[in-house]
Amino acid sequence: MSIQFQIEATEGPARVGRLTLPHGVIETPVFMLVGTLASVKGVPQDVLEELGVQILLSNTYHLYLRPGVETIRRMGGLHRFMSWDRAILTDSGGFQVFSLNELRKVSEDGVTFRSHLDGSSHFFSPESAMAAQIGLGADIIMAFDECTEYPAERERARASMEMTLRWAERSQKYFEQHKSEVPWADQTQSLFGIVQGGMDLELRRESALRTVEIGFPGYAIGGLSVGEPRELTREVVESTLEHLPADKPRYLMGVGKPDDLVQSVARGVDVFDCVLPTRNARNGQAFTADGPVTLKQARYVRDGAPLDAECGCYACRGFSRAYLRHLFMAGELLAFRLLTLHNVTFFLRLMQEMRAAIVAGAFGPFRARFFSRYPVLASPEEHESD
């Protein structure tokens, strides 16, 4: 088997699971760090392992442009190329192509787009996106989809959903014919389907049911975090989850603010990814149980307190907010590394605490304590490559 998923504990819709993949066992709910170019910026692989990272996400679009899929395939796939023995998921590149706006043209066959690096012309289809992901060799790969923009008229959202469904069938057909070509032996990858439908709840229901009908070992909710209000995001997530199989992993793509993680776990989501821990660190922001700390603010100039008194990471054990602010304002690379280490630790600990709370039957009190401290903002999620 290329994938196994077992539910080990539940509390209401929230659940703890065990996801077994060719390159490791993953405890869910899990947060995937984004390593767009086969690297989590500022943190080497040995440190990621020490921190307990179970799975990374890499981006097909960016790796296709450089160093190229064939280069990585000849090196034995992403795992050997980046010296990472644990699990990897690759996205299809659909969202990145969607983000190119004026540099892309969509047809039934696929998407013609221009590289953001040099303007050269390229083409992605369901078949070529599968070929690229098979060559990269991640444990989990994603069907090629079209991400619907926000806002979108219902007719536009339906047309996009229908195309995504047709592309899902083509993705699955190509994958089944070529899955033996993965760079590593013995086991195969797992292809997940993606639910689209814009912000229309009825279209989301239809997309979910028809995607499940095609049949995948896991399902993702895509097309969110594209500028819509966060309450609408949660409404779409909750209504979509009702129509996804309870015995298959559920992946919410690109959603990762701490309060959204807690709310989505409460609704039954198993897998998340987002650039926030690493990107926000490079912008001088650290996550804490009392909300984000933005070090560029002048009030931290002489603040001798640790970044987060409840955190045991290296940055919090050894350095003051004043020193970390100094490093950041001076543009020292150490600032980005320390803040990234802290944010990664915070996100991993949050997921671990939620898993423990569900197992103990205490997720309700945990959720209440979390929201008694963490400020909830109305800004939309960031969903981009890191």
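This write-up is about the structure you can find in this document. (Residues numbered from 1 in each chain as written. Predicted model: local features only at pLDDT ≥ 70, side-chain atom pairs only at ≥ 80, totals over all residues. Heavy atoms only, no water.)

### Re the pattern of salt bridges
The full count for this structure, using the stated rule, is 27 salt bridges. Between Arg73 and Glu70 there is a salt bridge, with the nearest N and O atoms lying 2.5 Å from each other. Of this pair, Arg73 and Glu70 both sit in helix 3 (residues 69-74), separated by 3 residues, roughly a single helical turn. Connected via shared salt-bridge partners are Arg230, Glu231, Arg234, Asp259 and Asp260. (Salt bridge = Lys/Arg side-chain N within 4 Å of Asp/Glu carboxyl O. Helix = DSSP H or I, 4+ residues; strand = E, 2+ residues; numbered from the N terminus.)

### Section: the pairing of strand 5 (residues 55-59)
The buried count for strand 5 comes to 5 of 5 residues, which makes it a mostly enclosed element. By the alternation rule, side chains of strand 5 split into Ile55, Leu57 and Asn59 and Leu56 and Ser58, which are all buried. Here strand 4 (residues 30-34) runs beside strand 5; their pairing, made up of 2 bridges, is parallel. Each residue of the ladder has a partner; that of Val34, found in strand 5, is Leu57. (Buried < 20%, exposed > 50% of the residue type's maximum accessible area, 1.4 Å probe, protein only. Pairing = 2+ DSSP bridges.)

### Examining unusual backbone geometry
Omega for the peptide link from Thr28 to Pro29 comes to 5 degrees, which places this bond in the cis form. Topologically, Pro29 is positioned in the loop between strand 3 (24-28) and strand 4. Of note, the amide linkage connecting Tyr150 to Pro151 takes the cis form, showing an omega dihedral of -5 degrees. Looking at the element boundaries, Pro151 is found in the loop between strand 10 (140-142) and helix 7 (154-178). Residues other than glycine seldom take positive phi values, yet Ala38 does so here, at roughly 65 degrees. Here Ala38 shows up in the loop between strand 4 and helix 1 (45-51). Owing to a relative accessible area of 8%, Ala38 belongs among the buried residues under this scheme.

### Observations regarding the packing of aromatic side chains
Evaluation of the coordinates by the stated rule reveals 17 aromatic pairs. Centroid distance Phe287 to Phe346: 6.3 Å. Interplanar angle 20 degrees. Geometry classified as stacked. Here the residue Phe287 occupies a position in the loop between strand 15 (285-286) and strand 16 (293-294), and Phe346 occupies one in helix 14 (residues 333-359), the gap between them amounting to 59 residues. Taking the relative accessible area as the measure of exposure, Phe287 reaches 3% and is therefore buried. Among the aromatic residues, those joined into a cluster by ring pairs are Tyr61, Tyr64, Phe113, Phe124, Phe144 and Trp167. (Phe/Tyr/Trp six-rings, centres within 6.5 Å; stacked < 30°, edge-to-face > 60°.)

### Structural notes on the pairing of strand 8 (residues 111-114)
On any regular strand, side chains alternate: one points to one face of the sheet, the next to the other face. Burial of the side chains of strand 8 is restricted to one face: Val111 and Phe113 are buried, whereas none of Thr112 and Arg114 on the reverse face is. Across 3 bridges, the pairing between strand 7 (residues 104-106) and strand 8 is antiparallel. From the neighbouring strand, Arg104 faces strand 8, where its bridge partner is Phe113. Connecting strand 7 to the antiparallel partner strand 8 that follows it, the hairpin turn spans 4 residues. Two elements, strand 8 and strand 9 (residues 121-124), share 4 bridges in a ladder whose sense is antiparallel. Bridge pairing in strand 9 links Phe113 to His122. Remark: 6 residues form the turn of the hairpin made by strand 8 and strand 9, two consecutive strands paired antiparallel; Gly119 in that turn has positive phi of roughly 80 degrees.

### Brief notes about the sheet that holds strand 9
Spatially, 3 strands are ordered 7-8-9 in an open sheet, and the strand pairing comes out antiparallel. Only two strands of the sheet have a single neighbouring strand rather than two, namely strand 7 and strand 9. Averaged over all pairs of adjacent strands, the angle between strand axes in this sheet comes to 15 degrees, irrespective of strand direction. (Axes fitted to C-alpha atoms, helices over the stretch in contact; angles between N-to-C directions.)

### Digging into empty space enclosed by the protein
Scanning all chains against the criterion turns up 5 cavities of 30 Å³ or more. Here the second largest cavity defines a volume of roughly 70 Å³. Taken together, Gly94, Val97, Phe98, Arg104, Val106, Val111, Phe144, Asp145, Glu146, Cys147, Arg156 and Trp167 make up the full set of residues lining the second largest cavity. The greatest single-element share of the lining of the second largest cavity, amounting to 3 residues, is contributed by helix 5 (residues 94-99). In terms of residue class, the lining of the second largest cavity is made up of 7 nonpolar, 1 polar and 4 charged. (1 Å grid on protein atoms, 1.4 Å probe; cavity = no way out; pocket = protein on both sides within 12 Å on 5 of 7 lines; lining within 4 Å. Points joined across faces, edges and corners; volume = space filled by probe spheres on them. Nonpolar A, V, L, I, M, F, W, Y, C, P; charged D, E, K, R; others polar.)

### What about the layout of surface pockets?
Its volume calculated, the largest pocket comes out at about 240 Å³. In terms of lining, the largest pocket is formed by Ala289, Glu310, Phe346, Arg349, Leu350, Glu353, Phe366, Arg369, Phe370 and Arg373. Mapped onto the lining of the largest pocket, the elements with two or more residues apiece are helix 14 and helix 15 (363-373).

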